[in-house]
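# Summary of the model geometry
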Amino acid sequence: MNFDAYARTGVDLVNARLDDLDDLRAIFPDENAWMRDEVAERDLATFRRAQKRLRDVFEYGTSGRDAQAVAELNALLEAFPVQPRISGHDSSDWHMHVTSRGASVSAEYLAGAAWGLSVWLCEYGSARFGVCADERCGNVYLDTSSNCCRRFCSERCATRSHVAAHRARKRAAIGEQVAVPAQSDSLTPVS
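All of the points below concern the structure found in this document. All of these numbers come straight from a predicted model, not from anything done at the bench.

For the protein chain, the count of helices and strands is seven helices and four strands. Since a compact globule built from 191 residues should have a radius of gyration of about 16 Å, the 24 Å found for the protein chain marks it as more spread out than a globular shape. Counting only C-alpha atoms, the protein chain reaches 100 × 35 × 30 Å along its principal axes. A total of 191 residues make up the protein chain; the buried ones form 36% of that total. At a minimum sequence separation of 6, the contacts of the protein chain that also span at least 24 residues come to 51%. Distance from the positive charge centre (23 side chains) to the negative charge centre (27 side chains) of the protein chain: 5 Å.

This is the structure:
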């Protein structure tokens, strides 16, 4: 099983817009086209609730609240239990699925996301769950950096944030120069 791929489905869900069924369908990659085809309006509310709970896991991890992250993941594993099964058509494509045959799209997707993030937490710790430091973004990510120092979900957000900070420092420096009264070079005494 590719646990990282399952963990990334959790990231994809948290970062997704879920305004309508089309938004929900957009989170399924081509290799899960069957999910995109089978997802129904009734699944939307389930995905929205899970999205909020998974965001909480990332917020708990980012703020060092490991026990809360673990408790939420355990609750999600109870709500969407993992029931592994072998799937495929012949010996060349056997692979594992995380739910029993006939499970709803939401049960299969969310069991995989909860399982993948749980394995990720056990393997790397909840400090590797991140929320983008760019306040305009808010996306979550899995920190795969070698020294657990990542702060942004993407290079784009990092660059945008750093450029904004640089410009703010520059404006502040210009404002300080204007605020300091000019020194007179003449030595004429004031009467």
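Don't stop here, the text continues.
Here the focus is a nonpolar patch on the surface. A surface patch of nonpolar side chains, amounting to about 330 Å² of accessible area, comprises Ile86, Trp94 and Met96. Turning to its location among the elements, tryptophan 94 is positioned in the loop between strand S1 (85–87) and strand S2 (95–97).

Another aspect to go through is the packing of helix H4 (residues 41–62) against helix H6 (residues 105–124). Interaxial distance between H4 and H6 falls to 10 Å at its minimum, and their mutual angle equals 10°. It follows from the interaxial angle that H4 and H6 lie roughly parallel. Contacts from Asp43, Thr46, Phe47, Ala50, Leu54 and Phe58 of H4 reach H6 at Val105, Ser106, Tyr109, Leu110, Ala113 and Leu117. Residues of the contact of H4 with H6, tallied by class, amount to nine nonpolar, two polar and one charged.

Turning our attention to the packing of aromatic side chains. The description of two aromatic rings rests on the distance between their centres and on the angle between their planes. Evaluated as defined, the whole model comprises five aromatic pairs. Ring centres 6.2 Å apart and planes at 85° place the aromatic pair phenylalanine 28 and phenylalanine 47 in the edge-to-face group. Taken together, the residues span a long stretch of sequence, with phenylalanine 28 in the loop between helix H2 (21–25) and helix H3 (33–38) and phenylalanine 47 in helix H4 at a distance of 19 residues. Here phenylalanine 28 and phenylalanine 47 have matching classes, each one buried.

To continue, consider the pattern of salt bridges. If you walk through the whole model with that rule in mind, you get nine salt bridges. With a closest N to O distance of 3.8 Å, arginine 128 and aspartate 143 form a salt bridge. Of this pair, arginine 128 sits in the loop between H6 and strand S3 (129–131) while aspartate 143 sits in the loop between strand S4 (140–142) and helix H7 (155–179), placing them 15 residues apart in sequence. When sorted by exposure, arginine 128 lands in the same class as aspartate 143, which is buried. The structure contains a network of salt bridges with shared partners spanning Asp134, Arg136 and Arg160.

Attention now moves to the environment of asparagine 2. Counting through the fold element by element, asparagine 2 comes out in the segment before helix H1 (3–15). Residue classification places asparagine 2 among the partly exposed residues on the basis of a relative accessible area of 49%. Along the sequence, asparagine 2 and glycine 116 sit 114 residues apart, while their C-alpha atoms lie 8.4 Å from each other.

Let us look at the nonpolar core. Counting 38 residues, the largest nonpolar core has Leu13, Leu24, Phe28, Phe47 and Phe129 as the members making the most contacts within it. At nine residues, H6 tops the list of elements feeding residues into this core. Setting aside its immediate chain neighbours within four residues, phenylalanine 129 contacts Val57, Phe58, Gly61, Thr62, Leu73, Leu117, Trp120, Leu121, Tyr141 and Leu142. Cys132, Tyr141, Phe152 and Cys157 belong to the second-largest nonpolar core, a separate cluster that totals six residues.

Moving on, we get to unusual backbone geometry. Positive phi is not limited to glycine here, since cysteine 148 has a value of about 55°. Its place among the elements puts cysteine 148 in the loop between S4 and H7.

Quick look at the environment of alanine 103 now. Mapped onto the elements of the fold, alanine 103 is located in the loop between S2 and H6. Residues alanine 103 and isoleucine 86 lie 17 residues apart in sequence; the distance between their C-alpha atoms is 14 Å.

Cut-off values and rules
Residues numbered from 1 in each chain as written. Predicted model: local features only at pLDDT ≥ 70, side-chain atom pairs only at ≥ 80, totals over all residues. Heavy atoms only, no water. Helix = DSSP H or I, 4+ residues; strand = E, 2+ residues; numbered from the N terminus. Rg over C-alpha atoms; globule rule 2.2 N^0.38 Å. Buried < 20%, exposed > 50% of the residue type's maximum accessible area, 1.4 Å probe, protein only. Contact = heavy atoms within 4.5 Å. Lys, Arg positive; Asp, Glu negative; His and termini not counted. Charge placed at Lys NZ, Arg CZ, Asp CG, Glu CD. Patch = residues over 30% accessible without salt bridge, like charges linked within 9 Å, V, L, I, M, F, W, Y side chains within 5 Å. Areas by Shrake-Rupley, 256 points an atom, 1.4 Å probe, with all protein chains shown as cover. Salt bridge = Lys/Arg side-chain N within 4 Å of Asp/Glu carboxyl O. Axes fitted to C-alpha atoms, helices over the stretch in contact; angles between N-to-C directions. Parallel < 35°, antiparallel > 145°, perpendicular 65-115°, else oblique. Nonpolar A, V, L, I, M, F, W, Y, C, P; charged D, E, K, R; others polar. Phe/Tyr/Trp six-rings, centres within 6.5 Å; stacked < 30°, edge-to-face > 60°. Core = buried A, V, L, I, M, F, W, Y, C linked by side-chain atoms within 4.5 Å.

Purely geometric numbers; function is a separate question.
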